[in-house]
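A closer look at the structure
Here are the chains, one letter per residue:
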Amino acid sequence: MSLDQEFRFLGKQNLVDVRDAIVCPADCAIPPDVSEFPDRIPTTSASELWPSNYMYIGGVVYNDTRSDKAVDISKEVLDWAKQRPNVMAPLRSADMQDHRLLDLKVRVGLPYLYVHQGNCEHMIVFSCIRLLHPEDTWDVSRYPIVSDISRSRRKICIVCHTYTARYA
């Protein structure tokens, strides 16, 4: 496991700002089969076709309900947790756009989960929570700020052009 992206956010920003900052190749994929009409280039990306996503942070599943096409893909997880009260504390559900980062109860260094496209999972880690320093950007319109991007390049499958290649 390695760091892929690192951001700086303000406490007043919503979870949807975190969601929108995360870049994943699966969101940019063009999903329909074009083998019958290769000259017709699809204009719809996977994130437009399947906008449903959620974050699991501190016992709460935060759903992104901004799109009319969004469905609650966390329902199965919530049902699964309900059936296992001895294994897991009860989970609750909330809307992502209604919660600011400063309202969350997070632990520094603990991994949390972001799920989109039905099964594409990303780990989210809050590595630093602090007040602004004099050296920080005070222009709030510039946040979120990308502070690091992975320098390693993954090998894309030459057949599907979406997933990471696996060598057999």
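Here the structure is shown first, and the text comes after it.
Residues numbered from 1 in each chain as written. Predicted model: local features only at pLDDT ≥ 70, side-chain atom pairs only at ≥ 80, totals over all residues. Heavy atoms only, no water.

Turning our attention to the overall build of the protein chain. Counting its regular elements, the protein chain contains four helices and seven strands. Secondary structure of the protein chain in N-to-C order comes out as β-α-α-α-β-β-α-β-β-β-β. Structurally, the protein chain occupies a C-alpha span of about 55 × 45 × 40 Å along its principal axes. Each of the 168 residues in the protein chain was classed as buried or not, and the buried ones make up 30%. Put simply, of all contacts in the protein chain between residues at least 6 apart along the chain, 54% involve residues at least 24 apart. Split by element, the accessible area of the protein chain, about 12100 Å² in all, is 54% carbon and sulfur. (Helix = DSSP H or I, 4+ residues; strand = E, 2+ residues; numbered from the N terminus. Buried < 20%, exposed > 50% of the residue type's maximum accessible area, 1.4 Å probe, protein only. Contact = heavy atoms within 4.5 Å. Areas by Shrake-Rupley, 256 points an atom, 1.4 Å probe, with all protein chains shown as cover.)

As a further point, take the state of the cysteines. A covalent bond between the sulfur atoms of two cysteines is referred to as a disulfide. Following the criterion strictly, the structure yields zero disulfides and no others. Of the cysteine sulfurs around Cys-157, a residue in no disulfide, the closest is that of Cys-160, at 3.8 Å. (Disulfide = S-S within 2.5 Å.)

Let us look at the nonpolar core. Residues Leu-15, Met-55, Ile-57, Tyr-62, Leu-104, Ile-124 and Phe-126 are the most contacted members of the largest nonpolar core, which totals 16 residues. Contributing elements (two or more residues each) for this core: helix 1 (15-21), strand 2 (53-57), strand 3 (60-63) and strand 5 (111-116). When residues of this core are assigned to their parent elements, the largest contribution, three residues, is made by helix 1. Counting residues in hydrophobic clusters, the runner-up holds six residues, among them Tyr-54, Val-61, Ala-81 and Leu-91. (Core = buried A, V, L, I, M, F, W, Y, C linked by side-chain atoms within 4.5 Å.)

Bridging between strand 2 and strand 5 involves four bridges; their strand directions are antiparallel. Across the sheet, Asn-53 pairs through a bridge with His-116, a residue of strand 5. Direction of pairing for strand 5 relative to strand 6 (residues 120-125): antiparallel, over a ladder of six bridges. Within the sheet, the bridge partner assigned to Tyr-112 lies in strand 6 and is Ile-124. Remark: three residues form the turn of the hairpin made by strand 5 and strand 6, two consecutive strands paired antiparallel; Gln-117 in that turn has positive phi of roughly 55 degrees. (Pairing = 2+ DSSP bridges.)

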